Amino acid sequence: MGRVLDAMTSAGVIPEREFEFTDKDFKFVQWFMHKHVGIYLSDKKMPMVYGRIARRLREHKLQRFSDYRPLIEEEGEERVNFINGLTTNKTHFFREMHHFDHVEKVLIPKWIAEKRTKVRIWSAGCSTGEEPYSYMSLLASTPLFDRVPDVKLLATDLDTNVLATAEKGVYSEEQISAIPKPCLKAGFVRGRGEHEGMIKAKSDLQSHMTFRQLNLFSPWPFKGPFDLISCRNVMIYFDKPTQQDLIQRFHQYLASDGHLFIGHSEGIGECADRFENLGHTMFQKR
Ligand SMILES: C[S@@+](CC[C@H](N)C(=O)[O-])C[C@H]1O[C@@H](n2cnc3c(N)ncnc32)[C@H](O)[C@@H]1O
């Protein structure tokens, strides 16, 4: 049996472990996540991984990861729960505001001036939905929906739990402060009665949106082309070759003048010659 991994606390004390999770088990988890979803878990992530796996073992009343492992080796519900448990879903409305400024000041006027009949946006790795609703409430606060008859946004994520939240489109009022007033008015309604303290995306807005579970490393069951692909703070969890493959695929799925937005700490590496760099992690297909 391998060494039982334990995190040292800042005081240098090794806390007692509730479950057996060896270094071999951790290596298996690293391999498994990379193989199935492209996520690279560095050795530093071990305490986080242990914490999240512990919840699954507790739920199944198991003491050792080695007893749990067969449940995720077969394709099924527990594999989904396991992967959901290891994704990082942090997000908020209008995160990285410069992207939304660009949509408002450059893309919307361009689409209107070109008399587009349709606009297609893909929020890839949409988490609990704040990103796609930010785009759509922004569009709704402008004349775009009156001028372009067919506007659609596809929102996808690997994690089925966050996607269910995204599809509902219900958020707490504490999140309102991040939403610009015109977008709040155009895109959301405030809850009353038992929904007091909540906001909900307008159903009219949701009628332009499709939510779909998608592992970015599976075949994509749609053709595009997209005018805007927003894949922000997702690739940060992948290693460099995986990121490059993904950016090449995004390139193929973009319209000839389509835009790609990525997260603030992400880059497009070797694919740089295929895009014009617009600054602030915004790229236009060449
Ligand atoms: C940190 S969140 C980013 C959310 C949003 N894009 C933002 O910038 O605020 C990363 C999301 O990527 C999703 N994700 C991770 N690996 C994925 C994969 N292989 N395929 C699809 N989505 C993935 C996670 O489930 C998570 O919801």
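Sequence positions are assigned chain by chain, starting from 1 and proceeding in written order. Given that this is a predicted model, residues contribute local features only at a pLDDT of at least 70 and side-chain atom pairs are listed and counted only at 80 or more, while totals for whole chains, interfaces and linings are drawn from all residues. Side-chain figures throughout are based on the complete set of non-hydrogen atoms in the structure, without hydrogens or water.

Looking now at the overall build of the protein. Helix and strand assignments come from DSSP, with helices taken as H or I runs of at least 4 residues and strands as E runs of at least 2, each series counted from the N terminus. Of regular secondary structure, the protein possesses 11 helices and 10 strands. Note that the radius of gyration is over C-alpha atoms, with the globule rule given as 2.2 Å times the number of residues to the power 0.38. Expected size for 286 residues packed as a compact globule is a radius of gyration near 19 Å; at 21 Å, the protein falls within 12% of this value. Each of the three principal axes of the protein carries a C-alpha extent, and together these read 65 × 55 × 40 Å. When accessible area is computed with a 1.4 Å probe and restricted to protein chains, residues below 20% of their type maximum are described as buried, those above 50% as exposed, and intermediate ones as partly exposed. Sorting the 286 residues of the protein into buried and exposed places 50% on the buried side. A separation threshold of at least 6 residues defines the contact pool for the protein, and within that pool the share at least 24 residues apart is 69%. With residues, only the protein chains shown are counted as cover, and all accessible areas are computed by Shrake-Rupley using a 1.4 Å probe. Accessible surface, the protein as shown: approximately 14,600 Å² in total, 51% of it carbon and sulfur. Side chains of the protein carry 40 positive and 38 negative charges; the gap between the two charge centres is 4 Å. By definition in these notes, contact holds between two residues if any of their heavy atoms fall within 4.5 Å. Only four residue types enter the tally: Lys and Arg on the positive side, Asp and Glu on the negative side, with His and both chain ends excluded. Every charge is mapped to an atom, namely NZ of Lys, CZ of Arg, CG of Asp or CD of Glu.

Following the sequence through the fold, T88 ends up in the loop between α4 (77–86) and α5 (97–113). Between the C-alpha atoms of T88 and S127, which are 39 residues apart in sequence, the distance is 8.7 Å. Residues in contact with T88, not counting those within four places in the same chain, are R52 and Y237.

Two measures describe an aromatic ring pair: the distance that separates the ring centres and the angle between the ring planes. Side-chain rings of Phe, Tyr and Trp, where Trp is taken by its six-membered ring, are said to pair if the distance between their centres is within 6.5 Å; with planes under 30 degrees apart they count as stacked, over 60 as edge-to-face, and otherwise as tilted. Summed over all chains, the structure comprises 27 aromatic pairs. Plain terms: the ring middles of W122 and W220 are 4.9 Å apart, the flat faces sit at 85 degrees to each other, and that makes the pair edge-to-face. Taken together, the residues W122 in strand β1 (residues 118–124) and W220 in the loop between β6 (209–213) and β7 (226–231) connect sequence positions 98 residues apart. The buried category is assigned to W122, whose relative accessible area is 0%. By relative accessible area, W220 is classed as buried at 6%. Relative to F226, the ring of W122 has its centre 5.3 Å away and its plane inclined at 35 degrees; by these criteria the two rings are tilted. Of this pair, W122 sits in strand β1 while F226 sits in strand β7, and the two are 104 residues apart along the sequence. Each member of the pair, W122 together with F226, is buried. Among the aromatic residues, those joined into a cluster by ring pairs are F21, F26, F28, W31, F32, Y50, F65, Y68 and F82.

What follows deals with the site of the ligand. Being near a molecule or strand, for a residue, means having at least one of its heavy atoms within 4 Å of it. Taken together, 23 residues lie near the ligand, and T91, R95, G125, D157 and N233 sit nearest. Within the backbone of L216, an N or O atom sits 2.9 Å from a nitrogen atom of the ligand. Here the ligand, which alone exposes 610 Å², has 99% of that area covered by the protein. As a working rule, the residues Ala, Val, Leu, Ile, Met, Phe, Trp, Tyr, Cys and Pro are called nonpolar, Asp, Glu, Lys and Arg charged, and the rest polar, with Gly in that last group. For the shell around the ligand, the class distribution of residues is nine nonpolar, eight polar and six charged. Identification of polar contacts relies on pairs of N or O atoms within 3.5 Å, with a donor-acceptor requirement for protein atoms, meaning one able to donate a hydrogen and the other able to accept it, and with residues adjacent in sequence counted only if both atoms are side-chain atoms.

The sheet built from three strands is open, its strands ordered β3-β5-β4 with antiparallel pairing. Both edges of this open sheet fall to β3 (170–172) and β4 (188–190), since each of them pairs with a single strand only. Across the sheet, the mean angle separating the axes of adjacent strands is 30 degrees when strand polarity is ignored. Strands pair, by our definition, only if DSSP identifies at least two bridges between them. Direction of pairing for β4 relative to strand β5 (residues 198–201): antiparallel, over a ladder of three bridges. Between N-to-C directions, angles cover 0 to 180 degrees, with each direction set by a line fitted to C-alpha atoms, over the stretch in contact for helices.

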